[in-house]
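Tertiary structure, described
One letter stands for each residue in the lines below.
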Amino acid sequence: MPLSLLNRLPTASLLSLLLLGACGGSDGRAGDASAASATSAKPATAASQSDPSCTAITASGSVVVGSGLPGDPAAPELASGYRTGMQAVHAKSFMVVAANPLASKAGCDVLKMGGTAADAAVAVQAVLGLVEPQSSGLGGGAFLLHYDARTGVVQTYDGRETAPAAATENHLRWIDDVNDRTAPRPSARASGRSIGTPGAVRMLELVHQEHGRKPWQSLFDAGIDLADNGFKIPGRMADAIAGARTNLQRDAEAAATYLNPDGSAKALGTVLTIPAYAQTLRAIAQGGADALYTGPIAQDIVAKINITTGADGTTPITPGKTTLADLANYRAKKRDAVCTTYRSYWVCGMGPPSSGGIAVAQTLGILENFDLGQYPPTNVDNDGGRPQAMAVHLVSEAERLAYADRDKYVADTDFQPLPGSGVPTMVDKDYLRSRAGLINLGTSMHTAQPGNLGPIPAGIMPPSPENGTTHMTIVDRDGNVVSMTTTVESGFGSYHMARGFMLNNQLTDFSAQPVDAGGLPIANRVQAGKRPRSSMAPTLVFRKAADGSRGEFMMATGSPGGSAIIQYVTKTLVSALDWNFDAQQATSMVNFGASNSPTTSIGGEHPKIDAANNGANDPLAIELRAMGHTVNVGSQSSGVGTVIRLQDRNKGMLQGGADPRREGLVLGDAFTP
Ligand code: GLU
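Position numbers for residues count from 1 along each chain, tracking the sequence in the order it is written. Residue-level local features of this predicted model are given only where pLDDT is at least 70; pairs of side-chain atoms are given and counted only at 80 or more, and the full residue set underlies all totals for whole chains, interfaces and linings. Where side-chain values are given, they derive from all heavy atoms of the structure, hydrogens and water being excluded.

**Here we look at the pattern of salt bridges**
Definition in use: In what follows, salt bridge is the name for a side-chain nitrogen of Lys or Arg lying within 4 Å of a carboxyl oxygen of Asp or Glu. Secondary structure elements follow DSSP: runs of H or I of four or more residues count as helices, runs of E of two or more count as strands, with numbering from the N terminus. The cut-offs for exposure are 20% and 50% of the maximum accessible area for each residue type, with area from a 1.4 Å probe on protein chains only; residues under the lower value are buried, those over the upper are exposed, and the others partly exposed.
Using the criterion set out here, one finds 26 salt bridges in the structure. Residue Asp 300 is joined to Arg 499 by a salt bridge in which the shortest nitrogen-to-oxygen separation is 2.8 Å. Taken together, the residues span a long stretch of sequence, with Asp 300 in helix α12 (residues 295-305) and Arg 499 in the loop between β16 (496-498) and β17 (501-503) at a distance of 199 residues. The exposure class assigned to Asp 300 is partly exposed, which follows from its relative accessible area of 34%. Residue Arg 499 is classed as partly exposed on the basis of its relative accessible area, which comes to 25%. Here Glu 552 ties to Arg 543 by a salt bridge, and the two come within 3.4 Å at their closest N and O atoms. With relative accessibility at 36%, the residue Glu 552 sits in the partly exposed group. Classification of Arg 543 by relative accessible area gives buried; the value is 15%. Several salt bridges converge on common partners, so that one network encompasses Asp 158, Lys 333, Arg 335, Asp 412, Asp 414 and Arg 531.

As structure tokens, this is what we get:
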């Protein structure tokens, strides 16, 4: 890019462009061997010459993330809708992508010292809970996929929150089943009823026990240091505080932490210390997850869930039903990965209680019956490209069919079995071919019916809107991979805070209604000890080996975004696998897709979509409308993080992309061509 053009870019775009590495000569198809070797310009790397790891590239060299020096990617900036022109970062042997630069730095430093991907995930989560508390933390839940490079084994870990033992199927809709059939106050979400027993910390402990190398207690240093000594409130967090101000005010600890004494929101760039968070991390570092699930911290969590009035002493808050026993009995679980083939790849995802893996696998299985490669995006550049209407049509229709099955059949399989023989029935190639046959190439089906997969005691529930989640993708020196999506459900969860961290509102991912309009029980209804259905879809991709079996690791990705996660992940996969986009392009690419309704979304935050006048002048929107789609051009707030392992090593081994719609950063070790 000529310097004159660089000078015209807005500062935020310019900064991100420079910081995220400038891989010269990108022709838009850098993901494979032929494209990579055609590029002669020297690729920039994730780091500099002097300190070869975990620094970010700037115009004048490299800068340590969090140093506060010019070009520091952790310097607070106004949250932007979209950072244009980001380019893929390349690294030699290890890489981390997280949604906040300080979190990426913490993970990268662990990898640099020889830690594993599992070690780094602990460090990243410890920092995210501080610098991105609206999205994830110690009081939330997570799903994690792990690939062990030595054994080739893929394992999936379930740290999903659970409903308390005392919950009934009316937990979210009525204060009391017998005496008070009114809604929890001030709302189900902002009451104690939405708070599930947290799972992220127990799950990370299990993953660390099985795949960690560094001592557990060493993994919290960055989080403790930042909580004690302060960090500057970044743009998205500042926006989230301002947006949640009146709700945060209801909780004395949250108000004292995130608001000024006059009740106003703490502003962008304010230096924040949270000593209580540092203390909690110290306790977990020393005592393991038990320090959170038993003892004084657990007592404070339970006390907060059961609070009955707001900080003003009068606003009623409906208490939850969580006890110390719920916390002490919480278990993280290992689940079977959902692995299917897609063209010349294997794709592995998270099984129930997440619907993410099955829905992505079904969508891809349906799409396999069409040649998406025939419909590549046009106007390709570093931001991906403009999708063709036929591609959006096929993907959206496939997603409608997948969401129809998801909405009907998928819930916590410990309580609600899947139909037939389970996952194999739902991702069966013949079944998905018959589903593909329902797609009309000229007109949208608007709303799909679920497939007839045999009797299950379930009705259909509509998806719920969500927004408090984040994703990290990590590859270590040995080639082990972590893809982890972690959440407090909505921004700042339930607005209840204890011991320096926010408590989730994950139970609102259950259906509040236990039965559907026809009186049939809903698969995802609340039950004691059950885990609410999720859409989180951490994903791993492998190349098919010559004999058709799962071969070498190729790609890891995932995203926040509520039920749209399935669409964000599918878009990223299709962009990389069908259209050969590099890790950044696939991540930056226009978000598009549909859940099971007539509405098809094309992300209006993307520079290639003309969102003015509801997309009236956007060529893609016009074409889709002609095919019967109800087009929504609203902004899509994905947070994709992608790493691709290159076959051609001219650019290094790993290529990473962070979502231009959030504040994420890719860091790794230097690659010197
Ligand atoms: N709670 C949601 C889920 O588990 C994720 C929410 C979000 O992405 O914001 O599916």
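**A few points about the pairing of strand β18 (residues 539-544)**
The following threshold applies: DSSP-based pairing: two strands are paired if at least 2 bridges between them are found.
Among the 6 residues of β18, 5 are classified as buried, and the element is accordingly described as predominantly covered. Where strand β11 (residues 345-349) meets β18, 4 bridges bridge the pair, whose relative direction is antiparallel. Each bridged residue has a counterpart across the sheet, and for Tyr 345 the counterpart in β18 is Arg 543. As paired elements, β18 and strand β19 (residues 550-557) share 5 bridges and run antiparallel to each other.

**Observations regarding the nonpolar core**
Selection rule: Remark: nonpolar core denotes a set of buried residues (Ala, Val, Leu, Ile, Met, Phe, Trp, Tyr, Cys) joined through side-chain atoms within 4.5 Å. The contact definition used throughout considers only heavy atoms, calling two residues in contact when any of these lie within 4.5 Å.
Phe 220, Tyr 258 and Ile 474 are the most contacted members of the largest nonpolar core, which totals 85 residues. Element by element, the count of residues in this core is highest for helix α5 (residues 117-131), at 12 residues. Those residues within four positions of Ile 474 in sequence are excluded, and the remaining contacts are Met 95, Val 96, Leu 111, Ala 117, Ala 120, Ala 121, Val 124, Asn 480, Val 481 and Val 482. Judged by nonpolar contacts, the second largest core, of 84 residues, contains Leu 372, Val 590, Phe 592 and Ile 609.

**Remarks on the packing of aromatic side chains**
Formally: When two rings of Phe, Tyr or Trp (its six-membered ring) have centres within 6.5 Å they constitute a pair, described as stacked for plane angles under 30 degrees, edge-to-face for angles over 60, and tilted for the intermediate range. Lysine and arginine charges are scored as sitting over a ring when NZ or CZ, respectively, is within 6 Å of the ring centre and within 35 degrees of the ring normal.
Inspection of the entire model under this criterion finds 6 aromatic pairs. Between the aromatic rings of Tyr 147 and Phe 542, the centroid separation amounts to 5.0 Å while the plane-to-plane angle is 65°, which identifies the pairing as edge-to-face. Here Tyr 147, found in strand β5 (residues 141-147), pairs with Phe 542, found in strand β18; they are 395 residues apart in sequence, far enough to count as distant. You'll find Tyr 147 and Phe 542 in the same group, each marked buried. Their ring planes at 55° and their centres at 5.3 Å tell us that Tyr 258 and Phe 492 sit as a pair that is tilted. In this pair, Tyr 258 is assigned in helix α9 (residues 252-258) and Phe 492 in the loop between β15 (481-489) and β16, connecting sequence segments 234 residues apart. Here Phe 492 falls in the buried class, since its relative accessible area comes to 0%. Chaining the aromatic ring pairs together yields one cluster made of Tyr 147, Phe 542 and Phe 553. Above the ring of Trp 174, the side-chain terminus of Arg 173 is found at 4.1 Å from the ring centroid.

**Some words on the sheet that holds β18**
The following threshold applies: Interaxial angle, 0 to 180 degrees, is taken between N-to-C directions of lines fitted to C-alpha atoms, where a helix line uses only the stretch in contact.
Reading across the sheet, the 7 strands line up as β3-β24-β23-β19-β18-β11-β10 and stay open at both edges, with antiparallel pairing between neighbours. Every interior strand has two partners, whereas the edge strands, β3 (89-91) and β10 (338-342), have only one. Strand after strand, the sheet turns through a mean of 25° between neighbouring axes, direction not considered. Along the sheet, helix α14 (residues 356-367) contacts β10 and β11; its crossing angle with β10, the most-contacted strand, is approximately 15°.

**Remarks on the site of the ligand**
Which entries qualify depends on this criterion: The cutoff for a nearby residue is simple: one of its non-hydrogen atoms must lie within 4 Å of the molecule or strand. As used in this structure description, the phrase polar contact means that two N or O atoms lie within 3.5 Å; if the pair is within protein, one of them must be able to donate a hydrogen and the other to accept it, and residues adjacent in sequence are counted only when both atoms belong to side chains. Surface accessibility follows the Shrake-Rupley procedure with a 1.4 Å probe radius. Residue values consider only the protein chains on display as shielding. All residues other than Ala, Val, Leu, Ile, Met, Phe, Trp, Tyr, Cys, Pro, Asp, Glu, Lys and Arg, Gly among them, are scored as polar; the first ten of these are nonpolar and the last four charged.
Of all residues adjacent to the ligand, which total 15 residues, the nearest are Thr 469, Glu 489, Gln 506, Ser 535 and Gly 562. Between the ligand and Gly 562 there is a distance of 2.6 Å, counted from an oxygen atom to a backbone nitrogen or oxygen. Summarising the interface, the protein chains cover 99% of the accessible area of the ligand, which totals 300 Å² for the free molecule. Tallied by class, residues from the shell around the ligand come to 3 nonpolar, 8 polar and 4 charged.

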